[in-house]
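Chain by chain, the residues run as shown.
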Amino acid sequence: MPAMSLNLVPHIEWVGDAATGHLRLLDQTRLPRETVHLDCRSVQAVWDAIKVLAVRGAPAIGVAAAYGCVIAAQGAGDARDRLARGGDHLATSRPTAVNLFWAIERMKRVRPATPEALLAEARAIHAEDAAMCLAIGEHGLPLLKLAIERTGGRGSGHGSGQGAVLTHCNAGALATGGIGTATAPMYLAHQRGLSFKVFADETRPLLQGARLTAYELQAAGIDVTLICDSMAAQVMREGKVAMIIVGADRIAANGDAANKIGTYSLAIAAKHHGVPFYVAAPHSTFDLTLPDGSGIPIEERAAAEITEGFGQRTAPVGVKTYSPAFDVTPAALITALITDRGVIEPVTTVNVRAIIGT
Ligand code: MRU
């Protein structure tokens, strides 16, 4: 098959000059039905966009917050002070993805704190993220090829008789400044003419897998099949899954990885069925200040997201809810971490430190 070109929609853009420009985001809450952009001209507007998941996915949140820091420094008065206050406010938008704090801290270190210097740094963070996605893709591609080859006989009930790659949530182009993390090996495999299939978990309650992963993979021409989260174990039992690749919001020093709720149960099912389970993430997603995943803050989301998601009431008024947005998959369930700096396998503190640093 001939190589394909990747035609990904830009979803985070700076519009105008540093002193008066603004951040334009593709509003991911409206996908896949509508393509609507949000023009963020204040720190609060960027905060809101992150909070409501108009921009989401750990690396994309970091990139958006970096541009938000440029907006914070615009206008008259002490730019350094405004940057500090704006950055601190942006840091309260969501607690789990460490990329948010990583990007804000990096922006706060810029000297002088002029909008021009800050915009250059935000653009660098954005470009570096794209480069890290590509590197993750290159490191992950041989693993994808191997899994597909090894399971050549699997999946007879689903198309070509070849095992598929399963992913959860959206760790794709829409979640990053580049070709995604979990999706990076898929995009490169597709570009280089490899034939393979993908299962996308729907991802309750906000349906990032259905609305975003299925949308962007389908748009790229990748063979994607949507399943409900609760179907994944059965699909594995049927031998249709060659490997699982997911993203991460924060990875502790021992390799425990926080990602979208449902990832942990997927990893348990993968272990039971002997399916390799990979977590793909750039080095900016590692938090080496945490020895293990027990210290990772888990965001709790509003009850309405599970009782009346997308404006449709599906639970009785007044019912109690509990809605952790992320879970932590223990390192012992992760076959390898695919990073921009290389593949970490087995996943141990020593190996994480050797590849990611101290
Ligand atoms: O709540 P979200 O949509 O921001 O959650 C996103 C995820 O869990 C992604 O898998 C993770 O951020 C990695 S994105 C490359």
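Residues numbered from 1 in each chain as written. Predicted model: local features only at pLDDT ≥ 70, side-chain atom pairs only at ≥ 80, totals over all residues. Heavy atoms only, no water.

A. Spotlight on the domain arrangement of the chain. According to the domain assignment, the chain contains domain 1 (12-126) and domain 2 (138-356). Taken together, the 23 residues of domain 1 in the interface contact 27 residues of domain 2. Overall, the association of domain 1 and domain 2 removes approximately 2000 Å² of surface from exposure, summing both partners, and the carbon and sulfur fraction of that is 54%. Summed over the three residues of domain 1 that lose the most area to domain 2, namely Arg56, Thr96 and Val98, the buried surface amounts to 29% of that side. As a salt-bridge pair, Arg94 and Glu299 come within 2.8 Å of each other at their nearest N and O atoms. If you look at where domain 1 meets domain 2, you find 14 residue pairs in polar contact (both at pLDDT 80 or more). The set of elements that each furnish at least two residues to the side of domain 1 that touches domain 2 consists of helix H2 (58-73) and helix H4 (98-108). Considering each element in turn, the side of domain 1 that touches domain 2 owes the most residues, four residues, to H4. When its residues are assigned to classes, the side of domain 1 that touches domain 2 shows 13 nonpolar, seven polar and three charged. (Domains from an automatic or database assignment. Contact = heavy atoms within 4.5 Å. Buried area = accessible area lost by both parts, 1.4 Å probe. Salt bridge = Lys/Arg side-chain N within 4 Å of Asp/Glu carboxyl O. Polar contact = N/O pair within 3.5 Å; in protein donor to acceptor, adjacent residues only side chain to side chain. Helix = DSSP H or I, 4+ residues; strand = E, 2+ residues; numbered from the N terminus. Nonpolar A, V, L, I, M, F, W, Y, C, P; charged D, E, K, R; others polar.)

B. Summary view of H4. Across the 11 residues of H4, eight count as buried, placing the element largely inside the fold. All of the buried residues in H4 are Val98, Asn99, Leu100, Ala103, Ile104, Arg106, Met107 and Lys108. Those residues of H4 hidden inside the fold are in contact with helix H1 (43-51), H2, helix H3 (79-90), helix H5 (115-150), strand E8 (250-252) and strand E11 (286-287). (Buried < 20%, exposed > 50% of the residue type's maximum accessible area, 1.4 Å probe, protein only.)

C. Up close: the environment of Ala84. In this structure, Ala84 sits in helix H3. Considered as a pair, Ala84 and Thr29 are 55 residues apart in the sequence and their alpha carbons are 29 Å apart.

D. Structural detail: the sheet that holds strand E4 (residues 164-167). The strand order across the open sheet formed by seven strands is E6-E5-E4-E7-E10-E13-E14, and the pairing between neighbours is mixed. The strands lining the two open edges of the sheet, one partner per strand, are strand E6 (223-227) and strand E14 (342-344). Adjacent strand axes in the sheet meet at a mean angle of 25 degrees when their direction is disregarded. By the bridge criterion, five bridges tie strand E5 (residues 197-201) to E6 in an arrangement that is parallel. Pairing of Phe199 across the sheet is with Thr225, part of E6. Sitting on the sheet, H5 touches E4, strand E7 (241-246), strand E10 (277-280), strand E13 (336-339) and E14, and the angle it makes with E13 is about 140 degrees. (Pairing = 2+ DSSP bridges. Axes fitted to C-alpha atoms, helices over the stretch in contact; angles between N-to-C directions.)

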